[in-house]
Amino acid sequence: MSQAHLTVTQHTTDGVHVIALAGEIDHTTADAFRQALTADGGRPRYTVVDFRDVTFMDSSGINVLVAANNAARADGGWLRLAHTSTPVLQLLHIVGLDDVIPLYPTLNEAFAAQNAA
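Residues numbered from 1 in each chain as written. Predicted model: local features only at pLDDT ≥ 70, side-chain atom pairs only at ≥ 80, totals over all residues. Heavy atoms only, no water.

Participant: Give a description of the sheet that holds strand β3 (residues 46–57) that names residues and reports values.
Facilitator: Pairing is mixed in the open sheet, where 5 strands are placed in the order β1-β2-β3-β4-β5. Edge positions in the sheet fall to β1 (6–13) and β5 (103–104), since each of these pairs with one other strand and no more. Pairing of strand β2 (residues 16–25) with β3 involves 8 bridges; the strand directions are parallel. Across the sheet, residue E24 finds its bridge partner in β3, namely F56. Seen against the sheet, helix α1 (residues 30–37) touches β1, β2, β3 and β4 (78–82) and runs at an angle of roughly 175° to β2. Together, β3, β4 and β5 form the strand contacts of helix α3 (residues 86–95), whose direction differs from that of β3 by roughly 110°. (Pairing = 2+ DSSP bridges. Helix = DSSP H or I, 4+ residues; strand = E, 2+ residues; numbered from the N terminus. Contact = heavy atoms within 4.5 Å. Axes fitted to C-alpha atoms, helices over the stretch in contact; angles between N-to-C directions.)

Participant: An account of α3 is requested, with residue identities and associated values reported.
Facilitator: Here α3 has its buried residues at V88, L91 and L92. Looking down the long axis of α3, one finds its buried residues gathered within 100° of arc, a one-sided arrangement. α3 presents T86, H93 and I94 as exposed residues on the side facing more than 90 degrees away from its buried surface. Of the residues trailing α3, G96 is marked for its positive phi of about 80°. (Buried < 20%, exposed > 50% of the residue type's maximum accessible area, 1.4 Å probe, protein only. Arc of directions from axis to C-beta.)

Participant: Could you give me a rundown of helix α2 (residues 59–74), with the residues and numbers involved?
Facilitator: An α-helix turns once every 3.6 residues. As a result, residues three or four positions apart point the same way. Helix length check: α2, at 16 residues, gives a terminal C-alpha distance of 22 Å against a target of 22 Å (1.5 Å per residue), a fit within 8%. When α2 is considered as a whole, its buried residues turn out to be S60, G61, I62, V64, L65, A68, N69, A71 and A72. Where α2 is buried, its residues touch β2, α1, β3, β4 and α3. Among the residues of α2, the N-terminal cap falls to D58, whose side-chain oxygen and the backbone nitrogen of S60 are separated by 2.8 Å. Once α2 ends, the next one or two residues include G76, with phi positive near 80°. (Expected span 1.5 Å × (residues − 1). Polar contact = N/O pair within 3.5 Å; in protein donor to acceptor, adjacent residues only side chain to side chain.)

Printed below as a string of structure tokens:
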């Protein structure tokens, strides 16, 4: 059985932590995802996660998203998801997380929502 692989790239734009993921999110890669959401050991207030190249996500990824969303809200911030691939979108819909965390078709739209707020 091969171990899942996840590539994480991140940067900050206009005070928003942007995380781009590629690969699979499961119990073997969830820690890398969790660590990316806690940049520099802290919790960024505003985060957009780009799921464009995520091919699979299981409950491990859901748990990471729920914790990150709760932490961001507790700090007066937010978490947004962009480019959610079909497999991820289906999972988010099944567990109802698409009603809790805002989803945007593109990164630009996620940023536009910030500027409109």
